[in-house]
Amino acid sequence: MVSKINTISTMPYKGVRDFYPEDMFLQDYIFEKMSSVARLYGYTEYGASVLEPAELYRAKSGDEIVNEQTYTFKDRGDRDVTLRPEMTPTIARMVAARKRELPMPLRWFSIPNLFRYESPQRGRVREHWQLNVDIFGVSSLDAEVEVISLASDIMKAFGAKPDMFEVRLNSRLLTNYILYTHLALPEEKAHALLKLTDRKDKMSEPEFREKVLEIIAEKSEEYVKIMSASSLDDLIALLPNSAKIEGVANFKELKRRLREHGIQNIRFSPTLTRGFDYYTGTIFEVFDTDPKNRRSLFGGGRYDDLLGVFDADRIPAVGFGMGDVTVADFIDTHGLAPVYKSLTTLYIGRTSEQFNVNAVQLAEKLRQKGISAEVDLSDKKVGEQIKTAVKKGVPYVTIVGDDEVSSNNFKIKRLADGQEEILGESAIADFFNAK
Ligand code: HAM
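Visitor: Help me understand the site of the ligand in this model?
Guide: Among the 26 residues in the neighbourhood of the ligand, the closest are listed as E86, T88, Y279, L297 and T326. Within the contact set of the ligand, a nitrogen atom lies 2.6 Å away from a side-chain nitrogen or oxygen of E86. Within the complex, the protein chains bury 96% of what would otherwise be the 650 Å² of accessible surface of the ligand. The set of elements that each furnish at least two residues to the shell around the ligand consists of β7 (127-136), β11 (296-302), β12 (317-323) and α12 (324-333). Residues of the shell around the ligand, tallied by class, amount to nine nonpolar, eleven polar and six charged.

Visitor: Explain the side chain of T282 here, please?
Guide: With respect to the element layout, T282 can be found in strand β10 (residues 282-288). Residue T282 is classed as buried on the basis of its relative accessible area, which comes to 9%. Side chain to side chain, T282 and E144 meet in a polar contact 2.9 Å long. If we ignore the near neighbours within four places in the chain, the residues touching T282 are L141, E144, L169, N170, S171, L254, G301 and R302.

Visitor: Quick question: what am I supposed to make of the pairing of strand β13 (residues 346-350) here?
Guide: On a regular strand, one side chain projects to one face of the sheet and the next to the other, so that they alternate. The buried count for β13 comes to five of five residues, which makes it a mostly enclosed element. By the alternation rule, side chains of β13 split into L346, I348 and R350 and Y347 and G349, which are all buried. Bridge count for β13 against strand β14 (residues 373-375) is three bridges, and the pairing is parallel. Directly across from L346, in β14, lies its bridge partner A373.

Visitor: Could you clarify how one ought to interpret the sheet that holds strand β16 (residues 409-414) in this entry?
Guide: As summarised here, the arrangement of the five strands in space is β14-β13-β15-β16-β17, forming an open sheet in which the pairing is mixed. Only two strands of the sheet have a single partner each, and these edge strands are β14 and β17 (420-424). Each strand of the sheet is rotated relative to its neighbour by a mean of 25°, with strand direction disregarded. Across the sheet, helix α14 (residues 382-392) lies against β13, β14 and β15 (396-400), angled at about 165° from β13, the strand it touches most.

Visitor: What's the story with the sheet that holds strand β2 (residues 51-53) in this structure? I'm lost.
Guide: Within a sheet, neighbouring strands are paired by backbone hydrogen bonds and run either parallel or antiparallel to one another. Taken together, the three strands give an open sheet; going across it, the order is β2-β4-β3, and neighbouring strands pair in antiparallel fashion. Because the sheet does not close on itself, it has two edges, and the strands there are β2 and β3 (71-74). Across this sheet, the average inter-strand angle for adjacent strands is 35°, counted without regard to direction. Direction of pairing for β2 relative to strand β4 (residues 80-83): antiparallel, over a ladder of three bridges. Paired with L51 across the bridge in β4 is L83.

Scoring rules and cut-offs
- Residues numbered from 1 in each chain as written.
- Predicted model: local features only at pLDDT ≥ 70, side-chain atom pairs only at ≥ 80, totals over all residues.
- Heavy atoms only, no water.
- Near = heavy atom within 4 Å.
- Polar contact = N/O pair within 3.5 Å; in protein donor to acceptor, adjacent residues only side chain to side chain.
- Areas by Shrake-Rupley, 256 points an atom, 1.4 Å probe, with all protein chains shown as cover.
- Helix = DSSP H or I, 4+ residues; strand = E, 2+ residues; numbered from the N terminus.
- Nonpolar A, V, L, I, M, F, W, Y, C, P; charged D, E, K, R; others polar.
- Buried < 20%, exposed > 50% of the residue type's maximum accessible area, 1.4 Å probe, protein only.
- Contact = heavy atoms within 4.5 Å.
- Pairing = 2+ DSSP bridges.
- Axes fitted to C-alpha atoms, helices over the stretch in contact; angles between N-to-C directions.

Structure follows, in structure tokens:
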């Protein structure tokens, strides 16, 4: 009897990615730009485990989010564990734990991998990496100005021009004023409206109007009008007494300060909500302006009260999260992707396997001088070995054989144009180091 063999799929788990060397090259490029700009602003790197107690998210995000959007399971000790879906609760926990020792203002960054149980689609996966930049201990607008400038500088480091993206701004104080003071809505309706408003861009005007009507019957027209305001001044005109709203005065000042910093591509957006409950003031989200990729790239805001869940004193905080997937889509859309190149400098082939030892010795000498070298070690013919070097994208190749071993001179060939150079063994490292 023939037994049935169950083959295992070579596909990765749903919604997560494998990183082949070309993918890793892009990922490293993105992380390097992110972290070098963060370091230029004086931010230091921190890290934490992907595992967190589920209660960390239940406290601020609610059971619904934990149950539906996270990977939460019981460990063998009957503890509820969650694979972190975002980094903000973790950084808040870490800061609260050492708040007396940590030097304020505290500037930290991290590029963690995060897990969200999503329906995979363009820009949305189940595991992504997210640069988190957060500043603690500054309650003035200086924090917002710094963090948004930093974000804008990262975009520039990717080669983005200001017209390729747009920073949308709003304030939770303004949204709260509209919902709770101006329209005097109960919590439940306000919440439902916020969720709907978050999706306004994804629906037609009549559809939005109809859905608002389902939530708040009598004030629906007014709400639609407010949410259609195209500038802060238009919105203020619709809100009597708005001069008294804390968010408004602040907000005008923020726009002015950002413009002073050369950031012109900013726009007020009353429909900007951001998903998390912990934001308390300014919120912002950066959008791609290309019609092919009109989507949110990243976002953040001020969250002054999050440390309260740890029974710690209030510490003001501002930060943002920038995902690797949305950034890669942006880079791709605008033709800004770096060309893949191997990080190995020299590929060493041999005329036959008998020269393996000589080839390895040459590689070792070069490595000691900081030159990366890879030895073929296969039983392939010389032509095939060179083809392997080309396929791997290694820029230079040399072949070790009888002549090379006896003369100790090597022909170094640049694969891009076939240019050759004959060098004594001791001159090879200098040749590459001078490049
Ligand atoms: P968020 O808006 O949920 O904010 O995520 C920030 C960014 O992470 C998104 O704009 C997107 O670039 C990326 N992202 C989020 N979910 C996914 C996904 N499923 N697939 C691919 N990329 C994704 C936060 O997480 C806040 N904790 C950010 C923050 C830090 N606020 C203050 N400090």
